[in-house]
Amino acid sequence: MAGIEIRSLRKQFGDLHAVDGVDLSIRDGEFLVLLGSSGSGKTTLLRMIAGLERPTAGEIHIGGERVDGDVPPRARGIAMVFQSYALYPHRTVFKNIAFPLEAVRTPRKQIEEKVRWAADMFSITRYLDRYPRQLSGGERQRVALCRALVRDPKVFLLDEPLANLDAKLRNTARDDLKRFQRRIQTTTVYVTHDQVEAMGLGDRIVVMEHGKVRQVGTPQEVYEDPVDTFVATFVGQPPMNLLDLRDASLPAGTLVGFRPEHLLPRSVFGPGEDLRTLRFSVRRVEYLGSDRYVYGSVLESAAPDATVIAKLPANIALAIPEGETHEFAVPRRLLRYFDAATGLRRPP
Amino acid sequence: MTPRRTLADREEVLGGVMLAPALAYVILLVGVPFVLAIVLSFSDATAGSLRFGWAGLRNYAAILADPIFLRALRNTAVVTIGSQVLVVVLATAAAQVFRTTFRGKRFARFVLLLPWAVPVSLAAIAWTWIFDSTFSVINWTLKAAGLLHGWLYWLGEPGLALLAIIIVQAWRIFPFATVIVLAGLSSIPQEIVEAAIVDGAGFWRRLFQVELPLLLPVVTVAVLFGVVYTATDLGVVYILTGGGPANTTHVLPTLAFQRGILGADLGQGAAIAVFLLPFLIVVAIAMLRLARRAEVGAR
Ligand SMILES: Nc1ncnc2c1ncn2[C@@H]1O[C@H](COP(=O)(O)OP(=O)(O)O)[C@@H](O)[C@H]1O
Ligand SMILES: [Mg+2]
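On a predicted model such as this, the values are computed, not experimentally measured, just so you know. (Residues numbered from 1 in each chain as written. Chains lettered and ligands numbered in written order. Predicted model: local features only at pLDDT ≥ 70, side-chain atom pairs only at ≥ 80, totals over all residues. Heavy atoms only, no water.)

K.L.:
Account for the overall build of chain A, naming residues and giving values.
P.N.:
Looking only at helices and strands, chain A has eight helices and 19 strands in total. Considered along the principal axes of its C-alpha atoms, chain A spans approximately 75 × 45 × 35 Å. Across the 348 residues that make up chain A, the buried fraction comes to 53%. A sequence separation of at least 24 residues applies to 64% of the contacts in chain A between residues at least 6 apart. By element, 47% of the accessible surface of chain A is carried by carbon and sulfur atoms, the whole surface being about 15,800 Å². Across chain A, the 49 positively charged side chains and the 44 negatively charged ones have centroids separated by 6 Å. (Helix = DSSP H or I, 4+ residues; strand = E, 2+ residues; numbered from the N terminus. Buried < 20%, exposed > 50% of the residue type's maximum accessible area, 1.4 Å probe, protein only. Contact = heavy atoms within 4.5 Å. Areas by Shrake-Rupley, 256 points an atom, 1.4 Å probe, with all protein chains shown as cover. Lys, Arg positive; Asp, Glu negative; His and termini not counted. Charge placed at Lys NZ, Arg CZ, Asp CG, Glu CD.)

In structure tokens:
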């Protein structure tokens, strides 16, 4: 087991800065999620850690050992799960899982034991004699995890391993993955573009954009205290509302941000609470079972047409007629302030 | 726009029309001679007369008792198998080289394809010079390098002559096979190769346990082409050795030509030419099956 240190890491493809100066310190045994939209450089960063891509500049240390440069993937003590799973189509599940062990010339009997142990862990023992094409997406994903597991790696690298599964399966697979990682306690770097996955899995989340790290923090920190408007709108669904309320008490060019679930009818708050009331002109109400999404605009806003979303839990039964203006409010302690020009966080 | 259905709309008719020339070609220039050859092999026809008598299996009995024929049969097998083994090894190696990027790759690829574009007869004549008993560049080079002490009479000794034929046949198929293997390699998903790298497999393990098994269907088809090409080729052996010395390097096509056309015994020539057919059919079916099985395993 080992932590990973990354210092000023860069990767250029021609003119494109795919990874543009990343510093990261990944703790031993940590589950770290790289979160970012497509093309933000997550895969490139992961591949540099794996040794499949050579950094343009910077350093990578795994378990205290410097590995950028000429240390080949097999000597880095890593195991990787690819987005496509990259199973060997001409080998049975057993032979797939055994492959990394054969590569280091493990004795036959030990291979057999190890493969059965791993297959048992992911309940795929029944499929050991099948070929990858005879498996469902979820089963293939588990085979790929098994193949990574048997190497006893110091670090797991996972590139969107759940992206190819259907939504229902993804939830259970996520849970399995988290339990599995808790059990073996191996340092894990997990790439995803799905913020729900990131929030659910990560001990910490690294939010990336254009090859740069925007924020590193626990899911709670990233959600509650985003460092800039990018993180604020990227994490959370629906995203944080950002408005210029032209508040005289705030410096000019300040955006006020609040989560949709914090914008509630004025009447549901208790009398003692310090509130920022907003006149909410309701355009449409979406009933989603456990929640209601209320779409509309805030009359105090500098851009009165900008869509604002409120998310009302089902226990608020209050009727919200469409086309009318209602008194809504947000507790002041939940407001976040950003500089409109730079997007960066401002003290209240 | 015409409101009525035109010929282009009527796929069943259009298909027939477009297929017709190819069909006519195959029937007239492949089918008819083929049937004729089979019929001739059961006859006592000769080139000198129009007489055509039923000979039953007599031609076949005659050639099977003929040591020259048996030798030619063995030579055909040796040349075909030998050249194909050589081709598979060389083409795989060459494809590995051509997969990397290096300066002058385009030019190298152009040169690689040349043997394929050169007419067989022309190439074979060039090779006779390379293997010439006096001027053989191979001998001179080996001598200059100090590797050769006697002198090799390439086309004068049966064993060496056969080796020479294998080399030329391999040289002829090699570009085609390389191109096919290259195409096959590029169809292997990059992530699978990278998975093997991460899993700790070195170059040879990757080659033999991942890439070659995945290439199997493609390589099988390439070899099948090579087998048919080589086993039925007349030109190379005819020009290189003419079947000599002393009828020791004949392959079935050259022997058939010698007996049937030069020797005017059409019946026996046809029997020799047709003899290989059942074997080739069996080989073709077996290889296509193998290719399909490997492919199903891969999907
Ligand atoms: N081998 C490559 N050659 C050129 N550009 C690349 C290569 N790999 C990735 N890129 C580019 O680098 C950027 C980051 O890619 P990637 O790391 O795959 O992003 P992500 O995984 O976050 O979607 C993208 O713009 C992508 O097009
Ligand atoms: Mg990616």
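K.L.:
Explain the environment of A:Gln141 to me, using residue names and the numbers behind them.
P.N.:
Mapped onto the secondary structure, A:Gln141 falls in helix H4 (residues 137-149). Taking C-alpha positions, A:Gln141 is 28 Å from A:Val213, a pair spaced 72 residues apart along the chain.

K.L.:
Tell me about the nonpolar core, and please be specific about residues and values.
P.N.:
Within the largest apolar cluster, 72 residues are counted, with the highest numbers of intra-cluster contacts made by A:Ile4, A:Leu34, A:Leu45, A:Ile62 and A:Leu157. Examining the composition of this core, we find that eight residues originate from one element, helix H9 (residues 203-231) of chain B, more than from any other. One finds A:Ala118, A:Ala119, A:Ile124 and A:Leu201 within the second-largest nonpolar core, a separate group that totals 47 residues. (Core = buried A, V, L, I, M, F, W, Y, C linked by side-chain atoms within 4.5 Å.)

K.L.:
Can you lay out the interface of chain B and chain A for me, pointing to particular residues and giving the numbers?
P.N.:
Reports of interface size often rely on the accessible area that becomes lost once the parts have come together. Contact with chain B, which involves 19 residues of that partner, is made by 25 residues of chain A. Here chain B meets chain A over a buried area of about 2,000 Å², counting both sides, of which 59% is carbon and sulfur. Considering only the side of chain B, the residues that lose the most area to chain A are B:Glu191, B:Val198 and B:Asp199, jointly responsible for 33% of the buried surface there. Summed over the shared surface of chain B and chain A, the number is two salt bridges. Taking the shortest distance from any N to any O, the salt bridge between B:Glu194 and A:Arg47 comes out at 2.6 Å. Secondary-structure elements contributing two or more residues to the side of chain B that touches chain A are helix H8 (190-198), H9 and helix H13 (277-298) of chain B. Across the side of chain B that touches chain A, the residue classes break down as eleven nonpolar, three polar and five charged. (Buried area = accessible area lost by both parts, 1.4 Å probe. Salt bridge = Lys/Arg side-chain N within 4 Å of Asp/Glu carboxyl O. Nonpolar A, V, L, I, M, F, W, Y, C, P; charged D, E, K, R; others polar.)

K.L.:
How would you explain the site of ligand 1 if you had to name every residue and give the values?
P.N.:
Residue and element names in this part refer to chain A. Taken together, Phe13, Leu16, Ala18, Ser37, Ser38, Gly39, Ser40, Gly41, Lys42, Thr43 and Thr44 are the residues near ligand 1. For ligand 1, an oxygen atom lies 3.0 Å from a polar atom in the backbone of Gly41. Contacts to ligand 1 include Thr44, whose side-chain N or O atom sits 2.5 Å from an oxygen atom. For ligand 1, the accessible surface in isolation is 560 Å², of which the surrounding protein chains cover 59%. Those elements giving two or more residues to the shell around ligand 1 turn out to be strand S2 (16-26) and helix H1 (42-50). For the shell around ligand 1, the element with the highest residue contribution is H1, accounting for three residues. Here the residues of the shell around ligand 1 are counted per class, giving three nonpolar, seven polar and one charged. (Near = heavy atom within 4 Å. Polar contact = N/O pair within 3.5 Å; in protein donor to acceptor, adjacent residues only side chain to side chain.)

K.L.:
Lay out the confidence of the model for chain B in plain terms, naming residues and giving numbers.
P.N.:
Residues and elements named next belong to chain B. Looking at chain B as a whole, its pLDDT mean stands at 85, while 98% of the residues score no less than 70. Mean pLDDT in chain B bottoms out at H13, which sits at 79, and peaks at H8, which reaches 93. Listed scores for the predicted complex are pTM 0.81 and ipTM 0.86. (pLDDT = per-residue confidence, 0-100.)

K.L.:
I'd like a description of helix H4 (residues 105-117) of chain B, backed by residues and values.
P.N.:
Residue and element names in this part refer to chain B. Taking 1.5 Å as the rise per residue, H4 with 13 residues should run 18 Å; its terminal C-alpha atoms sit 19 Å apart, in good agreement. Of all the residues in H4, the buried ones are Lys105, Leu112 and Pro115. Each buried residue of H4 lies within a common arc of 75 degrees when the element is viewed along its axis, so the set occupies one face. Turned more than 90 degrees off the buried face of H4, the exposed positions are Arg106, Phe107, Phe110 and Ala117. Turning to H4, the residues buried within the fold contact helix H3 (67-99) and helix H7 (158-186). (Expected span 1.5 Å × (residues − 1). Arc of directions from axis to C-beta.)

K.L.:
For empty space enclosed by the protein, give the residues involved together with the corresponding values.
P.N.:
One pass over the structure, following the stated rule, counts two cavities of 30 Å³ or more. By volume, the largest cavity is sized at about 60 Å³. Lining the largest cavity are B:Gln84, B:Val87, B:Val88, B:Ala91, B:Thr92, B:Ile173, B:Ala177, B:Val181, B:Val219, B:Ala222 and B:Val223. For the lining of the largest cavity, the element with the highest residue contribution is H3(B), accounting for five residues. Residue classes in the lining of the largest cavity are distributed as nine nonpolar, two polar and no charged. In this structure, the second largest cavity spans a volume of roughly 30 Å³. What lines the second largest cavity is A:Ile62, A:Glu65, A:Val67, A:Val71, A:Ala75, A:Arg76 and A:Lys154. Looking at the lining of the second largest cavity residue by residue, the classes come out as four nonpolar, no polar and three charged. (1 Å grid on protein atoms, 1.4 Å probe; cavity = no way out; pocket = protein on both sides within 12 Å on 5 of 7 lines; lining within 4 Å. Points joined across faces, edges and corners; volume = space filled by probe spheres on them.)

K.L.:
Describe the packing of aromatic side chains, with residues and values.
P.N.:
Residue and element names in this part refer to chain B. One pass over the structure, following the stated rule, counts 20 aromatic pairs over all chains. Ring centres of Trp127 and Trp171 lie 5.5 Å apart, and the angle between their planes is 75 degrees; this geometry places the pair in the edge-to-face category. Here Trp127, found in helix H5 (residues 120-130), pairs with Trp171, found in helix H7; they are 44 residues apart in sequence, far enough to count as distant. Using a relative accessible area of 25% as the deciding quantity, one classes Trp171 as partly exposed. Their ring planes at 35 degrees and their centres at 5.9 Å tell us that Phe275 and Phe279 sit as a pair that is tilted. An aromatic cluster is defined as three or more aromatic residues linked by ring pairs; in this entry it consists of Trp127, Phe131, Trp154 and Trp171. (Phe/Tyr/Trp six-rings, centres within 6.5 Å; stacked < 30°, edge-to-face > 60°.)

K.L.:
Can you lay out the sheet that holds strand S6 (residues 78-81) of chain A for me, pointing to particular residues and giving the numbers?
P.N.:
Residue and element names in this part refer to chain A. The strand order across the open sheet built from six strands is S6-S7-S8-S3-S9-S10, with neighbouring strands paired in mixed fashion. The open sheet has two edge strands, S6 and strand S10 (212-217), and neither has a second partner. Direction aside, neighbouring strands of the sheet carry axes that sit 20 degrees apart on average. Across five bridges, the pairing between strand S3 (residues 31-36) and strand S8 (residues 187-192) is parallel. The residue bridging Phe31 from the neighbouring strand is Thr188, located in S8. Across the sheet, H1 touches S3, S6, strand S7 (155-159), S8 and strand S9 (204-209), and the angle it forms with S7 is around 150 degrees. Sitting on the sheet, helix H5 (residues 167-184) is in contact with S3, S7 and S8, with an inclination near 165 degrees to S7. (Pairing = 2+ DSSP bridges. Axes fitted to C-alpha atoms, helices over the stretch in contact; angles between N-to-C directions.)

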